[in-house]
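Descriptive analysis of the structure
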Amino acid sequence: MPLMEALGSALLGLLLSGAAARVLAQRLPSRRVVLVSGVLGALFGAYLTHFALGPGHITLTAALVGAGLVSAVVLSLLLRPAPGSRGRSHRPPFSLPSRG
């Protein structure tokens, strides 16, 4: 069963990171970094879920859900701001609008 968890998690991480690299290519670093981060995040998510639930309470579904969630979080940390989004606001952050 642990082998199926690891293989399923790695495949899920690869699918998630491949989809993210295809859809958000301009906002992510190189494709290799995205793919490796997605797979490693999924493997860590499966391990973390396995550790949190304890022996005897883990199922393949629970491991894959944990793997998918952690992989998505890791991939979201790689996102950069969209191009052209810096110049939209002309006032500094936390400033009050002027009445003039």
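Relevant structure appears above.
Every chain's residues receive numbers from 1 upward, in the order its sequence appears when written. pLDDT decides what is reported in this predicted model: residues at 70 or higher carry local features, side-chain atom pairs at 80 or more are listed and counted, and totals for whole chains, interfaces and linings draw on all residues regardless. Values shown for side chains rest on all heavy atoms present in the structure; no hydrogens or waters enter the calculation.

What about the overall build of the protein chain?
For clarity, the cut-off: Counting from the N terminus, the helices are the DSSP runs of H or I reaching at least four residues and the strands are the DSSP runs of E reaching at least two. Remark: exposure states derive from per-residue accessible area (1.4 Å probe, protein chains only) relative to the maximum for the residue type, with buried under 20%, exposed over 50%, and partly exposed in between.
Within the protein chain, the regular secondary structure consists of three helices and zero strands. Order of helices (α) and strands (β) in the protein chain, N terminus to C terminus: α-α-α. Overall size of the protein chain, expressed as C-alpha extent along the three principal axes, is 65 × 30 × 15 Å. Each of the 100 residues in the protein chain was classed as buried or not, and the buried ones make up 27%.

Quick notes on the nonpolar core
Short version of the rule: Remark: nonpolar core denotes a set of buried residues (Ala, Val, Leu, Ile, Met, Phe, Trp, Tyr, Cys) joined through side-chain atoms within 4.5 Å. Throughout, a contact is declared for two residues whenever any of their heavy atoms are within 4.5 Å.
Core analysis: the biggest nonpolar cluster contains six residues, these being Ala20, Ala21, Leu28, Val34, Leu75 and Leu78. Sequence-distant contacts of Ala21, that is, excluding residues within four places in its chain, are made with Leu28, Arg31 and Val34.

What to know about the packing of helix α1 (residues 2-23) against helix α2 (residues 31-53)
Selection rule: Fitted lines through C-alpha atoms give the axes, limited to the stretch in contact for helices. The angle between two N-to-C directions lies from 0 to 180 degrees. Should the near helix be turned counterclockwise from the far one by less than a right angle, the crossing is left-handed, whereas a clockwise turn marks it as right-handed. Charged residues are taken to be Asp, Glu, Lys and Arg, nonpolar residues to be Ala, Val, Leu, Ile, Met, Phe, Trp, Tyr, Cys and Pro, and polar residues to be all remaining types, Gly included.
At their nearest, the axes of α1 and α2 sit 8 Å apart, and the two run at 140° to each other. The interaxial crossing formed by α1 with α2 has right-handed handedness. Across the interface between the two elements, Glu5, Ala6, Ser9, Ala10, Gly13, Leu14, Ser17, Gly18, Ala21 and Arg22 from α1 touch Arg31, Val34, Leu35, Gly38, Val39, Ala42, Leu43, Ala46 and His50 from α2. Tallied by class, residues from the contact of α1 with α2 come to 10 nonpolar, six polar and three charged.

Points about α2
Applicable threshold: Take the number of residues in a helix, subtract one, and multiply by 1.5 Å to get its expected span.
For α2, with 23 residues, the first-to-last C-alpha span of 33 Å sits near the 33 Å given by 1.5 Å per residue. Every buried residue belonging to α2 is among Val34, Ser37, Gly38, Val39, Gly41, Ala42, Gly45, Ala46 and Thr49, and all of these are buried. Structurally, α2 contributes buried residues whose contacts are with α1 and α3 (60-77). Among the residues trailing α2, Gly54 stands out with phi positive, at a value near 85°.

Quick notes on α1
With 22 residues, α1 ought to run about 32 Å at 1.5 Å a step, and its terminal C-alpha atoms sit 31 Å apart, in line with that. Of the residues making up α1, those classed as buried are Glu5, Ser9, Gly13, Ser17, Gly18, Ala20 and Ala21. Of the surrounding elements, those touching the buried residues of α1 are α2 and α3.

Notes on the packing of α2 against α3
Here is the rule: For classification purposes, an angle smaller than 35 degrees is called roughly parallel, one larger than 145 roughly antiparallel, one from 65 to 115 roughly perpendicular, and anything else oblique.
Between α2 and α3, the shortest axis-to-axis distance is 7 Å and the interhelical angle comes to 135°. Taken together, the axes of α2 and α3 lie oblique to each other. The handedness of the crossing between α2 and α3 is right-handed. Contacts between α2 and α3 pair Val34, Ser37, Gly38, Gly41, Ala42, Phe44, Gly45, Ala46, Thr49 and Leu53 from the former with Ala62, Ala63, Gly66, Ala67, Val70, Ser71, Val74 and Leu75 from the latter. Split into classes, the residues belonging to the contact of α2 with α3 amount to 11 nonpolar, seven polar and no charged.

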